[in-house]
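Take a look at the letters that make up each chain.
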Amino acid sequence: MRRFLSFRVAKSCIITQKRSLSAPSVPIYHPGHDLPFYNTTIMELARNGRVDDARLLFEEMPQRDTITWNSMISGYFQNGRIDEGRQLFDRFLGKTVRTWTLVLTGYARNSRIDDARCVFEAMPERNVVSWNAMLTAYVQNGDMEAAHKLFVEMPERNVVSWNALITGYCHFGCFKEALHLFEQMPEKNLVSWTAMISGFVHVEEFNRAWDLFVRMHATGVRPDRPNFTAAIVAVTGFTDLTMVEHIRSLAIKTGFEADVVVGTAILNAYTKCGVGFESAISFFKHMLQTNEFTWSTMIAAYSQCGRLDEACDLYQTIPEQSVFTQTAMMAGYAQNGRIDEATKLFKQIHSPNVVTWNAILTGCSQNGMLEEARRLFDRMPQRNMASWAAMIAGYSQNGQHEEALEIFSKLHKSGMVPSHSTFTSALNACANCEALEIGRQIHSLTFKAGCHSNSYVGNCLITMYAKCRNIDDFSRVFSRMAVRDTVSWNSLIAGFSLNQMMDDACFVFDRMPKRDAVSWTAMISAYVQGGYDKEAMGLFIDMLAAGTEPNSLTLTSTLSTCSNLGATKLGKQIHGLSTKLGLSSDLFVGNALISMYSKCGSMDAFVIFNEMPERDIVSWNAILAGCAQHGLGREAIEIYKQMQIAGVLPDRITFIGLLSACSHAGLVDEGWFYFNSMNQDYQLMPLEGHYACMVDLLGRAGNLYEAEELIESMPIEPDSVVWGALLGACRIHQNIELGRRVAERLFELEPCNSGNYILLSNIYASLGMWDEVGEIRRLMKARGVTKEPGYSWMQVKDKMHVFLTGDTRHEQIKEIHLKLKELYDELKAVGYVVDTHFALHDMEIEQKENALLYHSEKLAIAYGLLSTADGIPIQIMKNLRVCGDCHTFMKLVSRTTGREIIMRDGSRFHHFQSGACSCRDYW
C-alpha cells in the first residue's frame, strides 16, 4: 500500500508539473523499473524548482541508490538551498567521488568558494572530473591565480581541464595567457577553438577571432552551430560585404545556411554593412526558416537606417507577434524620436522581459527623458547588467555625470560585476566632470572585473586621465595596454593635445602603425586648438595626398582653420570637397561652413544657412554670431524671431550673438529688451559675457556711467572682459577720468595683459598727455609687460602674406612703399588729411604722418592693389582694432580705386565700398 501511495505522489507531481510548468515529459513507469523512474522524477522536480515535492518522494521511496541520493543533494544546491543539501550529504553513508564532486560544484555555483575548497581537500579520493570541478570553481569565481596553480598541480589533465582554464582567461581578458595555453594544448577539440574565437569576439578583436577560425578550418575541424555563429559575429565586426559573402559561401558548403540561428546571424552581418543592406533584404526574403529573432533583426535594421515606415510594414506582416518582435519595433520607434509610440507599444506588451524594459529605458534616455528613464529603472521587476549600463550611459550622454556615477556606485554595492560598457560610461562621466579620484577607483575595479585589458576600457582610461590633466597616468595606461587599436593611438594624441603637449602629440602621430581618418582629424584638431593653423592646413593637404578620405569632423576642423586664417579661397575649396564627398548637407559641416564664411567676410554664410536641410541650436547661434561680426543688428533680430517661430529654445550662446549684434549696430533699447528677456522668458541668468555685451553696447553709445552702474549692480563678480569693454568705450569717447578708474581695476585683475595698458596710454595720447603716456610705458617695462605688435595678413594666390606695422621685411616692400606714397598723394588731392590724433607718440606732425602711413593694414592694401587684378575684392585680416585714420584711408581707397575692401579687425568686419563702410563709422 505504501509503495502504491508513493507512485501516486510521483504521478501527481508529474501531471501537475506538466500542466503548470510545461516541463519535459518524464519516463512512464513500468513494473520492474521503479528505481530509475523515481530517480528521474526527483531530478525533473528539482530542475523545475519543486524541491519539497522531490524530498517528499525521496523520503517515501522504499529503496534508494547512489543516483537517488546524488539527485536529491544536487537538487538542493541547484535551487540555492545549500544547507539542506549539505545536511543530506552528511547523512549519506555511501558517498562516491561523484557525490563529493556534486557538492563541490554546488558550493561553487553559489559563490561559496571556500566551502568548495574544503570539500575538495576533504575528498578521500579524486579523479580528473573532481579536479576539473575545482578548477572550474576557481574560474567561475574569478580567482585565476588559484585556478592556474591548481592546473599545474593536477596529476592528470584532459581536454576539459585545458578548456576550463582557457575559457577563464578569455573571460577575464587575459588573452596573452589564454593564447599561450591554447598553443600548448596536446589535443584541441571544438570547444577549445570556440572558447578562443568567442573570447576575441567578446572584446571585439575581430581580426584575431577570424584568423583563428580560418586556422581551425584549415586543420579539418568541422564547426558546430555555436562555433560558426561566433565566426559570423567576427565577420560582422568588419562591416565588409565581401567577408559576409565569404562566410555565407562557407555556410552553404558546411550545410549551415538552412539553420535558422546561423541564417539569422548572417542576416545580422548583412545589416551591419552599410552597402549591404539591399543584400540583407534579399537574403531575408529567401530564408527557408525564420524565427522571432530573424524578424526582430530586420525590424531593427530598417529602424537603424532611418527606414522606419518599412520597419512598421514588416512588423505588420509577422504571423505571430512575440515579446522579441514587439521589443524590436518599440526600440525602432524610440531610435527615430517617436517616443510616444514606443511608450504606447510598451504598455501593450504582455509580460515584458528584461530586454523590453532595457529598450524602453534606453529609448527614453536617447530622447532626453531622463526622469522617465529613472522611473522605469526604479520600477523594473528584474535588472540585468544591460539595465545598469543603459541608465549609466543615459545620464552620462545627457551631461548628468554625477548621477551616472551615483548609479555606478549602486551597481558596485549590489555585488554585480560591472561590464565593459558600464565601465566605459562611468569613465566618460569621470572625464567630463574631472572626477579624478573616482576615476582611479574605477580603474582599480577594472582589474578585479577582468576588464582592464579591454581596448574600449583602456581608451576611456586614457581619455579620463587626459581630461583630468593627469599626464603620467594616461601615458602609463597606453604603454601597458596589451592590445592597442587605432582608437588607442588617437586617444593618446587627443590627450597630449588637450594638455598642450604638441611635440608629444606629433611624436605619437609620426609613429602610429596605422592611421585612419580619425587619426588625421585628431592631429589636425590638435593643431587648430593649439593655434597652429598653418600646420593644421598643411597636415590636411598631407592627408589628402596619402589617399585618406576626410570625414565630417576632419572638414569641420579644417574649416575652423580657414576661419582663423581668413582663407576664403581655401575655405571655398573645402566646401567644394565636402559636396564631392556628399558631406555638404551634414549638420556639423553646415555649421562649420556658416562660421567659416562669416569669419571670412562672405555673405555666403546666409546662403548656407537658408539651404540647410536641418538646423540645430548651433546653426542658429552661428548665423547670429555672423550677424554680430558684420554689424547686422536688425538682421540678427529678424533671425532670432525666425528661431522663435521654429520652436527652437535659445541658450546663453544665442544671447551672446544677439546682444553683440545689437552692440555693433547701436541698438540700445533692443539690447536691453533681449538682455532682460533672458531671465524673464527663459530663466537663463546672464553671465559675464552677456554683461560684457551690454557694457559694450552702452559704452559705444556714449552711456559710460550707465554702463558703470550696470557693472556695479552685477550679481556675479565682473571679470576682465566686462571691465575691458568699459575701458574700450572710454578710449572711443576719450573719458580720462573713468578710464583711469577702470584701468586700475584691470591692472589688478590682469597685471600682464598689455592691451589694458595700451588702451589707457591711447586715451592719454589722443589728448596729448605725453607725460602720462611715458608713465604707462615705464610701468609696463617695470612689470615686464610687452606690447602686442599690430599686424595684418591676407591670402594672395594660395600664399599667406603677413605685414607688421613699419615692416621692411616683405620681398616687395619697396614696391609697396611706392604704391602707398602714390595712394597718399592721390587721396590728399581729393581732400584726405591724416588724422594725427591716432599717432601715439610725441613727435612732429610730419613724423606722425609717416608713422601712420606705414600701419600694417595700409601696407596690406597697397600689396593687394599691386598683386590682384582690377575689380577683384581685397580681403585683409588684422589682429587689433583698426584706428580711425586707417578707417578713413580705406574708405577713400575704395572710392578712388573702385575696389571693395573687406577688413576683419579685432572687433568686427568692415566692408568698404564706394567711399563708405558697412559699420557706418560706428565701431
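Residues numbered from 1 in each chain as written. Predicted model: local features only at pLDDT ≥ 70, side-chain atom pairs only at ≥ 80, totals over all residues. Heavy atoms only, no water.

## Quick look at the overall build of the protein
- Within the protein one finds 51 helices and six strands.
- Expected size for 923 residues packed as a compact globule is a radius of gyration near 29 Å; at 38 Å, the protein overshoots this value by more than 25%.
- Considered along the principal axes of its C-alpha atoms, the protein spans approximately 130 × 60 × 55 Å.
- Each of the 923 residues in the protein was classed as buried or not, and the buried ones make up 52%. (Helix = DSSP H or I, 4+ residues; strand = E, 2+ residues; numbered from the N terminus. Rg over C-alpha atoms; globule rule 2.2 N^0.38 Å. Buried < 20%, exposed > 50% of the residue type's maximum accessible area, 1.4 Å probe, protein only.)

## Thoughts on the environment of Tyr315
- Within the secondary structure, Tyr315 is located in helix α19 (residues 308-316).
- In this structure the C-alpha to C-alpha distance between Tyr315 and Ala328, which are 13 residues apart in sequence, comes to 9.2 Å.
- Setting aside residues no more than four positions away along its own chain, Tyr315 makes contact with Ile299, Gln321, Thr325, Gln326, Met329 and Leu345. (Contact = heavy atoms within 4.5 Å.)

## Some words on the packing of helix α44 (residues 720-733) against helix α46 (residues 754-766)
- Where α44 meets α46, the closest approach of the two axes is 9 Å, and the angle between their N-to-C directions is 20 degrees. Compared by their axis directions, α44 and α46 come out roughly parallel. Both α44 and α46 take part in a crossing whose hand is left-handed. Touching Leu727, Gly728, Cys730 and Arg731 of α44 are Asn756, Leu759, Asn762 and Ile763, all from α46.
- Broken down by class, the residue content of the contact of α44 with α46 amounts to four nonpolar, three polar and one charged. (Axes fitted to C-alpha atoms, helices over the stretch in contact; angles between N-to-C directions. Parallel < 35°, antiparallel > 145°, perpendicular 65-115°, else oblique. Left-handed = near helix turned anticlockwise from the far one by under 90°. Nonpolar A, V, L, I, M, F, W, Y, C, P; charged D, E, K, R; others polar.)

## Regarding helix α48 (residues 813-829)
- A rise of 1.5 Å per residue sets the reference length of α48, with its 17 residues, at 24 Å; its end C-alpha atoms lie 24 Å apart and thus fit the reference within 8%.
- When α48 is considered as a whole, its buried residues turn out to be Ile813, Ile816, Lys819, Leu820, Leu823, Tyr824 and Leu827. What you see down the axis of α48 is that its buried residues fit within an arc of 140 degrees, all on one side. Relative to its buried face, α48 has exposed residues pointing more than 90 degrees away, namely Lys814, Leu818 and Ala829. (Expected span 1.5 Å × (residues − 1). Arc of directions from axis to C-beta.)

## Remarks on the packing of aromatic side chains
- One pass over the full model with this rule turns up 34 aromatic pairs.
- Ring geometry for Phe284 and Trp295: centres 5.4 Å apart, planes at 80 degrees, overall edge-to-face. Of this pair, Phe284 sits in helix α17 (residues 277-285) while Trp295 is found in helix α18 (residues 292-304), placing the two residues 11 residues apart along the sequence.
- Judged by its relative accessible area of 15%, Trp295 is buried.
- Measuring from ring centre to ring centre gives 6.2 Å for Tyr527 and Tyr532, while their planes differ by 75 degrees; the resulting arrangement is edge-to-face.
- For Tyr527, a relative accessible area of 15% corresponds to the buried category.
- You can call Tyr532 partly exposed: its relative accessible area is 37%. (Phe/Tyr/Trp six-rings, centres within 6.5 Å; stacked < 30°, edge-to-face > 60°.)

## Concerning helix α21 (residues 339-348)
- Residues Ile339, Ala342, Leu345 and Phe346 constitute the buried set of α21. The buried residues of α21 occupy an angular sector of 120 degrees when projected down its axis, which confines them to one face. In α21, the exposed positions angled more than 90 degrees off the buried face are occupied by Asp340, Lys344 and Lys347.
- Those residues of α21 that are buried are in contact with α19, α20 (323-335), α22 (354-366) and α23 (370-379).

## Here's the deal with the pattern of salt bridges
- Taken as a whole and assessed by the stated rule, the structure comprises 36 salt bridges.
- The closest approach of N and O atoms between Arg81 and Glu84, which form a salt bridge, is 2.9 Å.
- Given the relative accessible area of 30%, Glu84 is considered partly exposed.
- When the shortest N-O distance is used, the salt bridge between Arg440 and Glu437 registers 2.9 Å. With Arg440 and Glu437 both in helix α27 (residues 436-448) and three residues apart, the pair spans about one turn of that helix.
- Note on Arg440: relative accessible area 30%, which makes it partly exposed.
- Each member of the salt-bridge network shares a partner with another, and the members are Arg55, Glu59, Arg64 and Arg91. (Salt bridge = Lys/Arg side-chain N within 4 Å of Asp/Glu carboxyl O.)

## Topic: the sheet that holds strand β5 (residues 909-913)
- The sheet built from six strands is open, its strands ordered β2-β1-β3-β4-β5-β6 with mixed pairing. Because the sheet does not close on itself, it has two edges, and the strands there are β2 (799-804) and β6 (916-917).
- Judged from the four bridges that link them, strand β4 (residues 901-904) and β5 form a sheet pairing that is antiparallel. Bridge pairing in β5 places Ile901 opposite Phe912.
- Helix α51 (residues 884-897) rests against β3 (874-878), β4, β5 and β6 of the sheet, and its axis sits at about 35 degrees to β5. (Pairing = 2+ DSSP bridges.)

## As for the confidence of the model for the protein
- In the predicted model, the protein carries a mean pLDDT of 86, and 94% of its residues have values of at least 70.
- Note on residues 1-33: pLDDT under 50 across the span, and 46 contacts to partners over four residues away in sequence or across chains.
- A low-confidence stretch, residues 838-848 (pLDDT under 50), is modelled with 22 contacts involving residues beyond four sequence positions or located in other chains. (pLDDT = per-residue confidence, 0-100.)

## Let's talk about the environment of Ser279
- Mapped onto the secondary structure, Ser279 falls in helix α17.
- The exposure class assigned to Ser279 is partly exposed, which follows from its relative accessible area of 24%.
- In this structure the C-alpha to C-alpha distance between Ser279 and Gly582, which are 303 residues apart in sequence, comes to 23 Å.
- Ignoring sequence-local partners within four residues, the contact set of Ser279 consists of Leu241, Glu245 and Tyr270.

## Quick look at the side chain of Ser598
- Structurally, Ser598 is set in helix α36 (residues 587-599).
- For Ser598, the side chain forms a polar contact with the main-chain oxygen of Ile594, separated by 2.8 Å.
- Those residues in contact with Ser598 that lie beyond four places of it in its chain are Ala605, Ala622, Gly626, Gln629, His630 and Phe909. (Polar contact = N/O pair within 3.5 Å; in protein donor to acceptor, adjacent residues only side chain to side chain.)

## Quick word on the state of the cysteines
- In this structure the tally under the stated criterion is zero disulfides.
- A disulfide-free cysteine, Cys364 has its sulfur positioned 18 Å from the sulfur of Cys312, the nearest such atom.
- This cysteine, Cys433, is not joined by any disulfide, and Cys430 carries the nearest cysteine sulfur, 5.9 Å off. (Disulfide = S-S within 2.5 Å.)

## Topic: the pairing of β2
- In this structure, strand β1 (residues 791-796) lies alongside β2, joined through six bridges in antiparallel fashion. Bridge pairing links Tyr791 to Leu804 in β2.
- In textbook terms, the turn of a hairpin is the stretch between consecutive antiparallel strands, and for β1 and β2 this stretch comprises two residues, one of which, Lys797, has a positive phi near 50 degrees.

## Brief notes about unusual backbone geometry
- In this structure, Glu434 takes a positive phi of about 50 degrees despite not being glycine.
- Along the chain, the position of Glu434 falls in the loop between α26 (420-433) and α27.

## Let's talk about the pairing of β1
- Alignment of β1 against β3, held across two bridges, turns out to be antiparallel. Each bridged residue has a counterpart across the sheet, and for Ser792 the counterpart in β3 is Lys878.

## Describing the packing of helix α10 (residues 159-171) against helix α11 (residues 175-184)
- Viewed as axis vectors pointing N to C, α10 and α11 meet at an angle of 160 degrees, and their least axial separation amounts to 8 Å. Classed by the angle they form, the pair α10 and α11 counts as roughly antiparallel. Both α10 and α11 take part in a crossing whose hand is left-handed. Between α10, through Trp162, Leu165, Ile166, Tyr169 and Cys170, and α11, the contact on the second element is made entirely by Phe175, Glu177, Ala178, Leu181, Phe182 and Gln184.

## Let's talk about the environment of Leu823
- Examined against the element boundaries, Leu823 turns out to sit in helix α48.
- Judged by its relative accessible area of 2%, Leu823 falls in the buried class.
- When the C-alpha positions of Leu823 and Lys858 are compared, they lie 9.9 Å apart, and in sequence the two are 35 residues distant.
- Filtering out sequence-adjacent residues up to four positions away, Leu823 remains in contact with Leu865, Phe889 and Val893.

## As for the side chain of Asn39
- Relative to the elements of secondary structure, Asn39 occurs in helix α2 (residues 34-47).
- Residue classification places Asn39 among the buried positions, given a relative accessible area of 4%.
- Ignoring any residue separated from it by four or fewer positions in sequence, one finds Asn39 in contact with Met61, Asp65, Ile67, Thr68 and Ser71.

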